[in-house]
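Residues per chain are reported as follows:
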Amino acid sequence: RARMQAGLYPAIDPLASSSVNLDPAIVSKNHYDTAQEVIRVLNKLDELQHIVTVIGIEELSRQDRTFFSRGLKLQTFFTQPSFTAEVHTGMRGQYVPLEKTIEACRGIVEGKYDDKSEDSFYMIGAA
């Protein structure tokens with residue numbers, strides 16, 4: 001519900017979701033490794049959000065601010081113009097190829113997009 005109220009569609013918490021198929025024997029090693037890094041960054045974001053709420057982002061170390069920023073970008077990137085959310089977003093659904101998604105996640109985690117704003121990742125679809 002909180003994700004929906006924040007306009008994050010699909011309203012699925014990636015940290016609460018799991019799949020037995022996320023295994024390097026089933027998905028590619030790159031997919032598995034990227035997913036593990038994404039989970040690590042999102043877990044760190046979750047920790048840092050509580051700290052930021054109390055003391056503010058300015059009090060975070062430089063490294064934690066980087067994690068925080070990348071975590072927000074991942075969270076925002078996971079908002080995709082999905083077919084099932086069309087009624088809520090007013091945006092036409094798009095198919096985003098798996099490899100493109102993995103590549104974008106890897107880029108966010110590795111800092112390739114550190115110069116981009118969090119907003120630039122909102123509902124970008126296959127862009």
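Source: prediction; values computed, not measured.

Scoring rules and cut-offs
Residues numbered from 1 in each chain as written. Predicted model: local features only at pLDDT ≥ 70, side-chain atom pairs only at ≥ 80, totals over all residues. Heavy atoms only, no water. Axes fitted to C-alpha atoms, helices over the stretch in contact; angles between N-to-C directions. Helix = DSSP H or I, 4+ residues; strand = E, 2+ residues; numbered from the N terminus. Parallel < 35°, antiparallel > 145°, perpendicular 65-115°, else oblique. Left-handed = near helix turned anticlockwise from the far one by under 90°. Contact = heavy atoms within 4.5 Å. Nonpolar A, V, L, I, M, F, W, Y, C, P; charged D, E, K, R; others polar. Expected span 1.5 Å × (residues − 1). Buried < 20%, exposed > 50% of the residue type's maximum accessible area, 1.4 Å probe, protein only. Phe/Tyr/Trp six-rings, centres within 6.5 Å; stacked < 30°, edge-to-face > 60°. Salt bridge = Lys/Arg side-chain N within 4 Å of Asp/Glu carboxyl O.

Caption draft 1: Structural detail: the packing of helix H2 (residues 29-55) against helix H5 (residues 98-110). Two numbers describe how H2 lies on H5: the axes approach to 10 Å, and their chain directions differ by 45 degrees. In terms of axis orientation, H2 runs oblique to H5. Along this stretch, H2 crosses H5, giving a crossing that reads as left-handed. Contact with H2, carried on its side by Asn 30, His 31, Asp 33, Thr 34, Glu 37, Val 38 and Val 41, involves Leu 98, Ile 102, Cys 105, Arg 106 and Val 109 of H5 and no other residues of that element. Its residues assigned to classes, the contact of H2 with H5 shows six nonpolar, three polar and three charged.

Caption draft 2: Representation of helix H3 (residues 62-77) in the model. For H3, which comprises 16 residues, the first-to-last C-alpha distance of 22 Å matches the rise-based estimate of 22 Å (1.5 Å per residue) to within 8%. Taken together, the buried positions of H3 are Asp 64, Phe 67, Phe 68, Arg 70, Gly 71, Leu 72, Lys 73, Leu 74, Gln 75, Thr 76 and Phe 77.

Caption draft 3: The packing of aromatic side chains, seen in detail. With the rule as written, the count across this model stands at two aromatic pairs. Measuring from ring centre to ring centre gives 5.9 Å for Tyr 113 and Phe 121, while their planes differ by 70 degrees; the resulting arrangement is edge-to-face.

Caption draft 4: Layout of the pattern of salt bridges. Evaluation of the coordinates by the stated rule reveals five salt bridges. One salt bridge connects Lys 44 with Asp 64, and the closest N-O pair in it is separated by 3.6 Å. Linking Lys 44 in helix H2 with Asp 64 in helix H3, this pair joins segments that are 20 residues apart in sequence. By relative accessible area, which is 19% here, Asp 64 ends up buried.

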